[in-house]
Amino acid sequence: TALLTGALHEDGLADMADGFGGGRTREDKLALMRDSRIGAYGVLALLLVVAIKVGSVADMKTTGAAVAGLIAAGAASRAVMPALMRWVPPARKDGLSAMAGKPDRDPVWMGIAIAVVISVVLLSWTGVVALLVCGIGALVIAWLAKRQIGGQTGDVLGAAQQVTELLFLLGLAAVC
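Computed from a predicted model, the values in this text were never measured in an experiment. (Residues numbered from 1 in each chain as written. Predicted model: local features only at pLDDT ≥ 70, side-chain atom pairs only at ≥ 80, totals over all residues. Heavy atoms only, no water.)

Could you give me a rundown of a nonpolar patch on the surface, with the residues and numbers involved?
A contiguous nonpolar surface patch, about 450 Å² in accessible area, is contributed by Val 67, Ile 71, Val 117, Val 121 and Leu 122. The set of elements that each furnish at least two residues to the nonpolar patch consists of α5 (63–87) and α7 (105–123). Considering each element in turn, the nonpolar patch owes the most residues, 3 residues, to α7. If you trace the backbone, Ile 71 turns up in helix α5. (Patch = residues over 30% accessible without salt bridge, like charges linked within 9 Å, V, L, I, M, F, W, Y side chains within 5 Å. Areas by Shrake-Rupley, 256 points an atom, 1.4 Å probe, with all protein chains shown as cover. Salt bridge = Lys/Arg side-chain N within 4 Å of Asp/Glu carboxyl O. Helix = DSSP H or I, 4+ residues; strand = E, 2+ residues; numbered from the N terminus.)

Report on the packing of helix α8 (residues 125–149) against helix α9 (residues 154–175), specifying residues and quantitative values.
As a packed pair, α8 and α9 sit with axes 8 Å apart at the nearest point and diverge in direction by 150 degrees. By the angle class used here, α8 and α9 are roughly antiparallel. Crossing of α8 against α9: the hand is right-handed. Counted by class, the contact of α8 with α9 contains 17 nonpolar, 5 polar and no charged residues. (Axes fitted to C-alpha atoms, helices over the stretch in contact; angles between N-to-C directions. Parallel < 35°, antiparallel > 145°, perpendicular 65-115°, else oblique. Left-handed = near helix turned anticlockwise from the far one by under 90°. Nonpolar A, V, L, I, M, F, W, Y, C, P; charged D, E, K, R; others polar.)

Quick rundown of the pattern of salt bridges? Include the residues and the values.
Throughout the structure, instances matching the rule amount to 5 salt bridges. For the salt bridge of Asp 94 with Arg 34, the shortest nitrogen-to-oxygen distance reads 3.4 Å. Remark: Arg 34 occurs in helix α3 (residues 26–34) and Asp 94 occurs in the loop between α5 and α6 (96–100); sequence separation between them is 60 residues. The residue Arg 105 makes a salt bridge to Asp 106 at a minimum N-O spacing of 3.3 Å. Arg 105 sits in the partly exposed class, given a relative accessible area of 48%. By relative accessible area, which is 51% here, Asp 106 ends up exposed. When salt bridges that share partners are traced, they join Lys 53, Arg 78 and Glu 165 into one network. (Buried < 20%, exposed > 50% of the residue type's maximum accessible area, 1.4 Å probe, protein only.)

Next up, the structure:
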């Protein structure tokens, strides 16, 4: 998926890790997140997330379970982004997320519903467990972003996608 998206979400993860890990003030954190260079926190976050995703998928019992898990994790983690845009205020007035605007309620719920259906159809009850873990992760990211910088940015959304995809796969691997 990194090839298909130009590693956009991975870049958000690295930027959020650099900002939240290296900045002392809200302004420092936002400045670090806007900087196009990757720092030590960003490198570590990317390495850990990719390694844990690979380990989670490798731990699944069958190739079919791994493929179904990747599809459902992709759907669930991407449903998180518009939900955060809807329910967490933008941290900046001039960022990409702020310019994209706040999505309407119905499409956000439709995205969540699609993720739930895909997860349940492909993974049965294990998909429900993975969705719960993913949802808890989304709430933690939302809380952390509000606490650290006062809301969400495009980098926070990318990081949320990566972290919730990872948590979905971990939850699935734990019960498969």
